[in-house]
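Structural description and commentary
Spelled out from the first residue to the last, the chains are:
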Amino acid sequence: MMATKAQTASSFDSKVRKRDTGEQGNRGEFAAVSRGEADIPIPAPHAKARPIIGEDAQIAASAQFGEGVRIGEGSRIGEDVTIGTGVSIGEGVVIRDGAQIGANTSIEDDASIAEGASVGEKVTIRQGVILQAGSVVGDGVVLDEEVSVGASARLGRDVQVEQSTCIGAQVTIDEGVVVGEDCVLEDRALIRHTCRVGDSVTIGKSTEIHASSSVGNGSRIGSRNRLEGTFGDELEVGTRSRLLGGSTWGENVQVGDGVKVDGGASSRFAHDTQLGDKTTLTDAVVNGVLSTGEGVTIKGRGGASELHGTITIGAGSTLDGTFTLQDGTEIGESVQIHGPSGAYPDEVVTQIDRDCEVLDRATIRSGVRLGERTLVGSSAEVGLAVITGADTDICDRARVGDFSVLNGSVIGEDATVGHGAQTGYGAEVGERSVIEDNTVIEPYARVDDDGYVPRGAVVTETRR
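Residues numbered from 1 in each chain as written. Predicted model: local features only at pLDDT ≥ 70, side-chain atom pairs only at ≥ 80, totals over all residues. Heavy atoms only, no water.

Here we come to the overall build of the chain. When helices and strands are counted, the chain shows one helix and 67 strands. For the chain, the proportion of its 464 residues judged to be buried stands at 48%. Summarising the internal contacts of the chain: among those between residues at least 6 apart in sequence, 7% fall at separations of at least 24. Carbon and sulfur atoms form 42% of the exposed surface of the chain, whose accessible area is close to 19,700 Å². (Helix = DSSP H or I, 4+ residues; strand = E, 2+ residues; numbered from the N terminus. Buried < 20%, exposed > 50% of the residue type's maximum accessible area, 1.4 Å probe, protein only. Contact = heavy atoms within 4.5 Å. Areas by Shrake-Rupley, 256 points an atom, 1.4 Å probe, with all protein chains shown as cover.)

Glancing now at a positive patch on the surface. A contiguous patch of positive charge, built from Arg188, Lys205, Arg224 and Arg240, is present on the exposed surface. Turning to its location among the elements, Arg188 is positioned in the loop between β25 (184-185) and β26 (190-191). By relative accessible area, which is 41% here, Arg188 ends up partly exposed. (Patch = residues over 30% accessible without salt bridge, like charges linked within 9 Å, V, L, I, M, F, W, Y side chains within 5 Å. Salt bridge = Lys/Arg side-chain N within 4 Å of Asp/Glu carboxyl O. Lys, Arg positive; Asp, Glu negative; His and termini not counted. Charge placed at Lys NZ, Arg CZ, Asp CG, Glu CD.)

On to a negative patch on the surface. A surface patch of negative charge is lined by Glu55, Asp56, Glu73, Glu91, Asp110, Glu145 and Glu146. Along the chain, the position of Asp110 falls in the loop between β12 (106-107) and β13 (112-113). A relative accessible area of 46% means that Asp110 is categorised as partly exposed.

This next bit is on the confidence of the model for the chain. When the pLDDT values of the chain are averaged, the result is 83; 77% of them are 70 or greater. In this model, residues 1-48 is a region of pLDDT below 50 whose contacts with residues beyond four sequence positions or in other chains number 83 contacts. The model gives residues 300-304 a pLDDT under 50, and that stretch makes 17 contacts with residues more than four places away or in other chains. (pLDDT = per-residue confidence, 0-100.)

Among the secondary structure elements, Arg76 is positioned in strand β7 (residues 76-77). Residue classification places Arg76 among the buried positions, given a relative accessible area of 7%. A distance of 2.9 Å separates the side chain of Arg76 from the backbone oxygen of Gly74, its partner in a polar contact. (Polar contact = N/O pair within 3.5 Å; in protein donor to acceptor, adjacent residues only side chain to side chain.)

The pairing of strand β29 (residues 208-209) with strand β32 (residues 226-231) spans two bridges and is parallel. Paired with Ile209 across the two strands is Leu227, which belongs to β32. Bridge count between strand β30 (residues 214-215) and β32: two bridges; the pairing is parallel. Note that in β32 the partner of Ser214 across the bridge is Thr230. (Pairing = 2+ DSSP bridges.)

Okay, the pairing of strand β34 (residues 242-249) next. Of the strand pairs in this sheet, β32 and β34 are connected by five bridges, and their pairing is parallel. What sits directly across from Gly229, in β34, is Ser247. As defined by bridge partners, β34 adjoins strand β36 (residues 260-262) across three bridges and the pair is classed as parallel. If you follow Leu243 over to β36, its bridge partner there is Val261.

What follows concerns the pattern of salt bridges. Applying the stated criterion to the full structure yields 14 salt bridges. The partner of Asp450 in a salt bridge is Arg432, and the shortest N-O contact between them spans 2.7 Å. Residue Asp450 is found in the loop between β65 (446-447) and β66 (452-453), and its partner Arg432 is found in the loop between β62 (428-429) and β63 (434-435); the two are separated by 18 residues along the sequence. In this structure, Arg446 engages Asp448 in a salt bridge whose closest nitrogen and oxygen atoms are separated by 2.9 Å. Exposure remark for Arg446: the relative accessible area of 27% places this residue in the partly exposed category. Each of Asp174, Arg192 and Glu208 takes part in one network of salt bridges that share partners.

Structure follows, in structure tokens:
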């Protein structure tokens, strides 16, 4: 709680030595300057360093001043304070013991600078600013009205902090950072150089915002996170997440706890993106909306992943290797989509085209190409390097072998299609059917439910 004016005055009075003469002497002696009926004590190692002092100001004898210092009415300067040349101090300012104020700094009315605080040169401290004990403010900093800087916080050169922002203890803000109004930077937060933090932003304890990043208005970032990139308004991030790589994020993005994203500067996350707890995106290039459930892992080993627009990935999903997901893709819970390992340059990329749906617990092997509007049912398995044409349906629990080609066909529930099989457009494979390796089912041909096609056979019409 702030002390009353009478209490503060009494405290300072105990430290101030008053004399009736203006003689000079060793440190601790002073000259008296009359202001009406009051004698105002000032240190006077040199007559030219006498400040211009307002009424009722109280100044400890051990305080030291450069030339051209002005001190407003009712201000209080503590023991061993050092104030540089050309400093302007407003009315009612309190500067406590051991504080240092650099040259040509302006401190406006009712500001408070605690014990051992250090203020650089050409700093602007607006009305009502509070600097706690041991805080360090670099050259050229501007602190707007009612800003509070916590104990042992450090603000680098040319930082700008707008009004009513609260900076916690041991916070570090590097040079060139701009922090908007009504923000809260909790203890030990770290804001690297040339960052931009919007209005009404909360940054949690021990969170680091990497250099040149931007955080939009109204964002809420939890503790122990690391962020790098351009983030739109209303960002929400949980705890212990890593959003790195310089990606650009839209507005109203929501990120859960323990999320890891390393997408590179070319990644774009659209408005309303949601990343559930423990999601991992590595080397991703995202354009459009990406919405994932909990526990998702997306990795791009051996090359950048690409996800394009309105993608929904359910909880527990796993995507790895090099792959491309295009607009409108929906991926259910516990899906596994595998891409090439990157060990061989001729490995085929996994690609999922526009408006595909991959339902819960499905497995997509590496090198698959799902054509537009392909539907992969729940618990279905799609082998290595399978290619599907547009409008292919692979129903629940169906299994498709490696290197098969399905051209707009329907593979029924529980059906098994062998390796290297080919189906033409409009072909149908009934439920529980077994299609052996290297079989060909021509366009519009049909295999009935529980049917069987031997290895290498060609089906040209309905087969039971």
